[in-house]
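The primary structure of each chain is shown beneath.
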Amino acid sequence: MSTPYILVVDDNPANLKLVAYLLKLGGYDVGGATDARETKRMIAARRPDLLLLDLQLPDADGLELARQLKSDPATEDIVVVAVTARAMKGDRNRALAAGCDGYVSKPIDTNTFLDVVGEFLDCVSPRQEMR
Amino acid sequence: MNLHVLLVEDNPGDADLAREWLDESPAAVVDMCVSQTLADATEQLKRSMFDAVLLDLDLPDSRGVDTLRRVRAAAQDVPVVVVSGAARTDLRDELRAEGAAEVLSKEEANSWLFSRCVLYVVERNRAEARHAEIAALLETTPDAILVVGTDKTVRYVNQAAVDLFGVERCALLGETMAFSVKDRTTTEVGVPRRDGERVCEMRVVPMTWKSEPASLASLRDVTEARKATELRRRANELEAENHRMHEINRLKSEFLANMSHELRTPLNAVIGFSQLLHSGKVAPDAPEYREFLGDILSSGRHLLRLINDILDLAKVEAGRMEFHPEELDLRDAIREVVMILRSSETERRVRVRTELSDEVPRVYVDAVRLTQVLYNFLSNALKFAAREGQVIVRSLPEGPDAFRIEVEDDGDGIDPKDLGRLFTEFQQIGAGRSRRRQGTGLGLAFTKRIVEAQGGHVGVRPNPDRGCTFFAVFPRRVESSVLEVL
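Residues numbered from 1 in each chain as written. Chains lettered and ligands numbered in written order. Predicted model: local features only at pLDDT ≥ 70, side-chain atom pairs only at ≥ 80, totals over all residues.

Moving on to the packing of helix 2 (residues 38-47) of chain B against helix 3 (residues 65-74) of chain B. All names here are of chain B. The interhelical angle for the contact between helix 2 and helix 3, taken along N-to-C directions, is 20°, at an axis separation of 9 Å. Classified by the angle their axes make, helix 2 and helix 3 are roughly parallel. Crossing geometry of helix 2 relative to helix 3 is assigned as right-handed. Of the residues in helix 3, those touching helix 2 at Leu 38, Ala 41, Thr 42, Leu 45 and Lys 46 are Thr 67, Arg 70, Val 71 and Ala 74. Class assignment of the residues belonging to the contact of helix 2 with helix 3 gives a composition of five nonpolar, two polar and two charged. (Axes fitted to C-alpha atoms, helices over the stretch in contact; angles between N-to-C directions. Helix = DSSP H or I, 4+ residues; strand = E, 2+ residues; numbered from the N terminus. Parallel < 35°, antiparallel > 145°, perpendicular 65-115°, else oblique. Left-handed = near helix turned anticlockwise from the far one by under 90°. Contact = placed C-beta atoms within 7 Å. Nonpolar A, V, L, I, M, F, W, Y, C, P; charged D, E, K, R; others polar.)

What follows is the structure, encoded as structure tokens:
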């Protein structure tokens, strides 16, 4: 089993850096994108096992991007988890309704974040040997 | 005149004589039917319309006044001329009372009298029918009709007028009309009545009444219609108000959701990196250690800026922002802001040029707020200007009482569909990677509010070639009354 590849999408450089650093600590392969266009390009270049998606992107609404990915046969089985500062009532349900497989609100808890990520990876692929 | 007459006479000799008399009449062409019995007469009356009935009272099947009653019952609208043998005065009176139009005795009748009498009865009946039609029209029309003489006294009123004014007809006639008479145009008048004033639409036209000039006023009671209109207007108003409240609520929720998002975003970096460092996952001597501290610091500063902007915005919103207008040189104030920002923007080599009009040298405004507005526009322009591009700052007169500050950039411009939400809180606009998240998304919203609070307005327009121009219009002298409101 190869190392799982996780693509992190966040238009805030500090937040992108934080999550990417954590995931590298967890031993994952990590890619980063700051908008929807770049995200699509990176998915086409290398299919991620998990997509951590910020919902407020400069060039698109993250929910719309999730919907597109989930309705395209080529990308529909990529696990998409919304990692977002949208944390008002209804935001979790809106994310799940758009096709996201999970929802994590910001600020994230760095102590438990890797466990959460691990659980989402478990859902689709056999447990990786890595950690 | 063409006459269709029914002669009811059982004596053939008398019948022939009557026909002869009428045929001699120069004034009428008579078409005559004859019935010898009452039964036949009523049958004929049912079948066709006659202009008159000439009736002998003594018939084989009916006698005396009763014959008249039964003919009248069979045809109420047809005038009946009774032709009797010997007509005593008391019989005449009785016959008149029973509705006979005329009574002729066979002895006194002759051709001329007979035909005159029939013609007269028919004409009178026709005139009465016409009068009844016109009266019915006038008395049943729902519009009140009054005829007013040149001396302004009321000469005629119809039933609707009596109903409208709520007084007896005789009380109205001869009364002076209080309305001013205006030809043909519709005016609205109030008609006082015991149960409250009625609102009427009145039209007045000139007419001739009994050979004298007069005016005809027709009034339509529109009280209920006006009430209904007023109710509808009120309902619409309430609905609009309700809609506005919903909209305000929606905007508030949206503002709150945006604020939550904007605060959580830098907090994510602050808490996340702090937690990392605190938990010992990053060694103090690792190169990331200092880098992450820097991230915490800049995110913390961004948070502080956000909080300050939100507080400023809340202050203008609550009308608690203070303005201290003073006389100042507009060109100096602008040059100062330009100098500060020019020195901070060296990386992308954007040139800043000023075009300051001599026509607005001195103004009386709050220097701090003016500077804030210009700072906001100019820092945005520098962010979005092309690399090594150019930004122009202008001051211009706007009529005698106002002036305008413009900041023009040569960046990518703004999508027309985004123009509307530019001055709304937390709406950061910019295509793809060119967007820099240094702003809080509150700058333009705040700018709009402080300019409006001083009696001015802001806006943006696309340039014909590249980029766009933001502008703010201020009164040359910020009025003290504006300040009092605040």
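Here we come to the nonpolar core. Counting 48 residues, the largest nonpolar core has A:Val8, A:Leu52, A:Leu53, A:Val81 and A:Ala82 as the members making the most contacts within it. Here this core takes seven residues from helix 1 (residues 13-25) of chain A, the largest share from any one element. Ignoring anything within four residues of it in the chain, the contact list for A:Val81 reads A:Leu50, A:Leu52, A:Leu53, A:Cys100, A:Asp101, A:Gly102, A:Tyr103, A:Val104 and A:Phe120. In terms of nonpolar packing, the next biggest core, distinct from the first, is built from 37 residues, B:Leu313, B:Leu374, B:Ile450 and B:Val451 among them. (Core = buried A, V, L, I, M, F, W, Y, C linked by C-beta atoms within 7 Å. Buried ≥ 20, exposed ≤ 12 C-beta atoms within 10 Å, placed from the backbone.)

To continue, consider the interface of chain A and chain B. You'll often see interface size given as the accessible area lost when the parts meet. Contact with chain A, which involves 22 residues of that partner, is made by 23 residues of chain B. In terms of residues, the side of chain A that touches chain B owes the most to one element, helix 1 of chain A, which gives five residues. Residue composition of the side of chain A that touches chain B, grouped by class: nine nonpolar, six polar and seven charged.

For the peptide bond that leads from A:Lys106 to A:Pro107, omega is 0°, which places it in the cis range. In this structure, B:Glu388 takes a positive phi of about 55° despite not being glycine. With respect to the helices, strands and loops of the structure, B:Glu388 is situated in the loop between helix 11 (367-384) and strand 14 (390-398). For B:Glu388, a count of 9 C-beta atoms within 10 Å corresponds to the exposed category.

Our focus in this paragraph is the sheet that holds strand 9 (residues 198-209) of chain B. Residue and element names in this part refer to chain B. Strand order across the open sheet formed by five strands is 7-6-10-9-8, with antiparallel pairing between neighbours. Edge strands, defined here as strands with exactly one partner in the open sheet, are strand 7 (154-157) and strand 8 (187-191). For this sheet, the mean inter-axis angle between neighbouring strands, taken without regard to orientation, is 35°. (Pairing = 2+ DSSP bridges.)

Here the focus is the environment of A:Val9. Residues and elements named next belong to chain A. Mapped onto the secondary structure, Val 9 falls in strand 1 (residues 5-9). By C-beta crowding, Val 9 is classed as buried, having 28 other C-beta atoms within 10 Å. The spatial distance from the C-alpha of Val 9 to the C-alpha of Gly 31 is 8.5 Å, given a sequence separation of 22 residues. In this structure Val 9 touches Ala 33, Thr 39, Leu 51, Leu 52, Leu 53 and Asp 54, once residues within four positions along its chain are discounted.

Tracing the sequence through the fold places B:Lys281 in the loop between helix 8 (223-278) and helix 9 (287-317). Ignoring sequence-local partners within four residues, the contact set of B:Lys281 consists of A:Leu25 and B:Leu276.

Here we come to the sheet that holds strand 4 (residues 80-84) of chain B. Residue and element names in this part refer to chain B. Spatial ordering of the open sheet is given by 2-1-3-4-5, a layout of five strands whose pairing is parallel. Where the open sheet ends on each side, the last strands, each with one partner, are strand 2 (29-35) and strand 5 (102-105). Put simply, the sheet's adjacent strands are angled 20° from each other on average, direction ignored. Both strand 1 (residues 2-8) and strand 3 (residues 52-55) contribute to a ladder of four bridges, which runs parallel. By the bridge assignment, Val 8 is partnered in strand 3 with Leu 55. The strands that helix 5 (residues 111-140) touches are strand 1, strand 3, strand 4 and strand 5; relative to strand 5, the one it contacts most, it runs at about 170°.

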